Each structure stands twice: as C-alpha cells, then as structure tokens.
Amino acid sequence: MNKVLQAARKHRDSKAPGAAALPRAGNPLAEIRFGARGEPLAVRWRDRVWPVAGEVRHWFGRWPWWKAGLPGGRGRASLVETEFWRLPVRAAAASPLRTLELCRDPRTEGWRVAKVTDGT
C-alpha cells in the first residue's frame, strides 16, 4: 500500500472516537429518540429509557459490503457507510453514568448496542 493511502487511512481512523466495529446480529437492539434538531435525547434499551446525560459523539465508519453481511450486486459500491453514536446516559438522576456506543445496522437500518462502558 502506498504511503499516501496509509496516511489518509490513519488520519481518517484517528477521527473516530474508538475502534468501532460492525454491528452483529447478536448485539442487543436499541432505539434512539431524537430531538427536533436531530440530537439524541434518550435511548430505549433493556426495557428502560436512558436519558442522555452529557456530550455526545457522532461519526461514520466504512466497511466492504461483504463484511457488512449485505448482498453484492451490480452497481453496488464497494463500501458500506455505518453511523455511530456514543452517548453518556443515566437510568435516573442519581444513577452512575454509563456510556453506550450504538451503531446503525446496515442490514436492518435499526440501532444496535456495540459497546457499553460503565462509569465514564
């Protein structure tokens, strides 16, 4: 791989908040409730509503369509773009902070929980 391409990939990857992964069918489903300006307000996950309680992060990742589990075909671009949100949430005002990393599943367009971090 040439040095220009390597540098571009390194720069692109450094913008993403974490090492995001494609959603897997086994990852739990979630719903994000958005405000009028498109900002996330709360997440419904594990039969509970988790209000957003801090600064959110938003980014996109790209994978080859075959790694995303999508069918190939004539006219399909080689990369699939996947949307991610990192949301600090609390179950209640006195609850500890929990960070949910959610990604849009390119197979269903629904949201899946990719990562959960407690206390951050």
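The structure under discussion appears in the preceding block.
Residues numbered from 1 in each chain as written. Predicted model: local features only at pLDDT ≥ 70, side-chain atom pairs only at ≥ 80, totals over all residues. Heavy atoms only, no water.

A. Molecular detail of the overall build of the chain. A count of helices and strands for the chain gives one helix and seven strands. Expressed as a percentage of contacts within the chain between residues at least 6 apart in sequence, the contacts between residues at least 24 apart total 48%. Surface exposure of the chain reaches about 7900 Å², of which carbon and sulfur atoms provide 51%. (Helix = DSSP H or I, 4+ residues; strand = E, 2+ residues; numbered from the N terminus. Contact = heavy atoms within 4.5 Å. Areas by Shrake-Rupley, 256 points an atom, 1.4 Å probe, with all protein chains shown as cover.)

B. Representation of the environment of Asp 118 in the model. Along the chain, the position of Asp 118 falls in strand 7 (residues 111-118). On the basis of relative accessibility, which here comes to 51%, the residue Asp 118 falls in the exposed class. In the structure, Asp 118 is positioned 21 residues away from Leu 97 in sequence and 6.5 Å away in space, judged by C-alpha atoms. Among all residues touching Asp 118, those that are not within four sequence positions of it are Leu 97 and Arg 98. Separated by 2.6 Å, the side chains of Asp 118 and Arg 98 make a polar contact. (Buried < 20%, exposed > 50% of the residue type's maximum accessible area, 1.4 Å probe, protein only. Polar contact = N/O pair within 3.5 Å; in protein donor to acceptor, adjacent residues only side chain to side chain.)

C. Layout of the nonpolar core. Core analysis: the largest hydrophobic core is formed by 12 residues, namely Ala 30, Ile 32, Val 43, Trp 45, Trp 50, Trp 85, Leu 87, Val 89, Leu 100, Leu 102, Trp 111 and Val 113. No other element matches strand 5 (residues 79-89), which puts three residues into this core. Excluding residues within four positions of it along the chain, Val 89 makes contact with Val 43, Trp 50, Pro 51, Val 52, Ala 53, Pro 96, Leu 97, Arg 98 and Leu 100. (Core = buried A, V, L, I, M, F, W, Y, C linked by side-chain atoms within 4.5 Å.)

D. Expanded view of the sheet that holds strand 5. In space, the seven strands of this open sheet follow the order 3-2-1-7-6-5-4, with antiparallel pairing throughout. The strands lining the two open edges of the sheet, one partner per strand, are strand 3 (48-51) and strand 4 (57-64). Taking the axes of each pair of neighbouring strands and ignoring which way they run, one obtains an average angle of 35 degrees across the sheet. (Pairing = 2+ DSSP bridges. Axes fitted to C-alpha atoms, helices over the stretch in contact; angles between N-to-C directions.)

E. Quick look at unusual backbone geometry. Not every positive phi belongs to a glycine, and Arg 46 is a case in point at roughly 55 degrees. With respect to the element layout, Arg 46 can be found in the loop between strand 2 (40-45) and strand 3. With a relative accessible area of 60%, Arg 46 lands in the exposed category.

F. Main features of the pairing of strand 7. Note: strand 1 (residues 29-34) against strand 7, two bridges, orientation antiparallel. If you follow Leu 29 over to strand 7, its bridge partner there is Arg 112. Pairing geometry for strand 6 (residues 98-104) and strand 7, over seven bridges, is antiparallel. Bridged to Leu 102 within strand 7 is Val 113.

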